[in-house]
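# Fold and geometry: a report
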Amino acid sequence: MGYPKVRSHVLTALALLGLALCGAGFSHAAARGAALPEQSPDGLRLVQNTQMAVVYMKDGADFSSYDKVAILDCFVAFRKDWERDQNQDDPFRVRASDITRIKAEVADEFKKVFNKELTAKGETVVATAGADVLLLRPAIINLDIAAPDTKEPDAKSFSASGGQMTLFLEIYDSVSSELLARVMDPEAATDFGSMMVRNEVTNQADADRIMKKWADTIGSYLQHARSGSSAKPSKGN
């Protein structure tokens, strides 16, 4: 796609803030309101009172000169021991092929939703680097689908909630590969309080709702930054 090399793997960036901030540990810490370090090991500063759970940004980062975005393919990782837990009462219900398929489907859906929603917010989504292009490097971690659709004939899965997932997103200058910001945000699917049939359609609807929320928040911030205001969108705005 013509992009410079930013990082060898998204897990390199995950390690910068420590495993406690990722996966289930991060989600629980965020839910408890646990204190986070003011500065990440790679020099980004914690931004307070944002719509995302955790935002780190480079000092002096200015997004006003960027009027386009490019989105890399989304890295997807399941919650630790998700496969084991799914197969605890029904061995081999979820197979390696299911995991590979679901990860590819989630990554594809993320790309589609972000392209659509950011475009609707007024962003120009491109496929090449440029001086006016921000590069978004997304990952979904701690993916926990409560009742996955394994495509087995006549199989039915039941759950009150679709599960949860966490966004881990880094924003780079697409030419220099300078890291400008890092965002983390855990989101849970709607819990209906009673058991219901879950399938590919209901699971995708839950995922789309969460992804749209993320895309809308990021799109709103980029619009706000481009307006020249020094203030940052806060919770409730």
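This paragraph deals with the confidence of the model for the chain. Mean pLDDT for the chain: 80, with 72% of residues reaching 70 or above. Note on residues 230-237: pLDDT under 50 across the span, and 15 contacts to partners over four residues away in sequence or across chains.

Within the largest apolar cluster, 41 residues are counted, with the highest numbers of intra-cluster contacts made by Phe 63, Ile 140, Leu 143, Met 211 and Trp 214. Leave out the neighbours within four places in its chain, and Met 211 touches Val 106, Glu 109, Phe 110, Val 113, Phe 114, Ile 140 and Met 165. Listed in part, the 14 residues of the second largest apolar core include Ala 70, Phe 168, Tyr 172 and Leu 179.

As for its position among the elements, Gly 60 is in the loop between strand E2 (54-57) and strand E3 (68-71). Using a relative accessible area of 74% as the deciding quantity, one classes Gly 60 as exposed. Spatially, the C-alpha atom of Gly 60 lies 9.2 Å from that of Leu 180, the residues being 120 residues apart in sequence.

Moving on, we get to the pattern of salt bridges. For the coordinates displayed, the defined rule picks out 17 salt bridges. In this structure, the salt-bridge partner of Asp 132 is Lys 68, at a minimum N-O distance of 2.7 Å. Here the residue Asp 132 occupies a position in the loop between strand E5 (124-125) and strand E6 (133-145), and Lys 68 occupies one in strand E3, the gap between them amounting to 64 residues. For Lys 68, a relative accessible area of 24% gives the class partly exposed. Beyond isolated ion pairs, a larger network of salt bridges with shared partners links Arg 79, Lys 80, Asp 81, Arg 84, Asp 85 and Asp 144.

Right, let's talk about the pairing of strand E8 (residues 163-173) for a bit. Counting buried positions along E8 gives ten out of eleven residues, so the element sits mostly inside the fold. Relative to strand E9 (residues 179-188), E8 runs antiparallel, the two sharing nine bridges. Across the sheet, residue Ile 171 finds its bridge partner in E9, namely Ala 181. The turn linking E8 back onto E9 is made up of five residues, and Ser 177 within it adopts a positive phi angle of 65 degrees.

Conventions and cut-offs
- Residues numbered from 1 in each chain as written.
- Predicted model: local features only at pLDDT ≥ 70, side-chain atom pairs only at ≥ 80, totals over all residues.
- Heavy atoms only, no water.
- pLDDT = per-residue confidence, 0-100.
- Contact = heavy atoms within 4.5 Å.
- Core = buried A, V, L, I, M, F, W, Y, C linked by side-chain atoms within 4.5 Å.
- Buried < 20%, exposed > 50% of the residue type's maximum accessible area, 1.4 Å probe, protein only.
- Helix = DSSP H or I, 4+ residues; strand = E, 2+ residues; numbered from the N terminus.
- Salt bridge = Lys/Arg side-chain N within 4 Å of Asp/Glu carboxyl O.
- Pairing = 2+ DSSP bridges.

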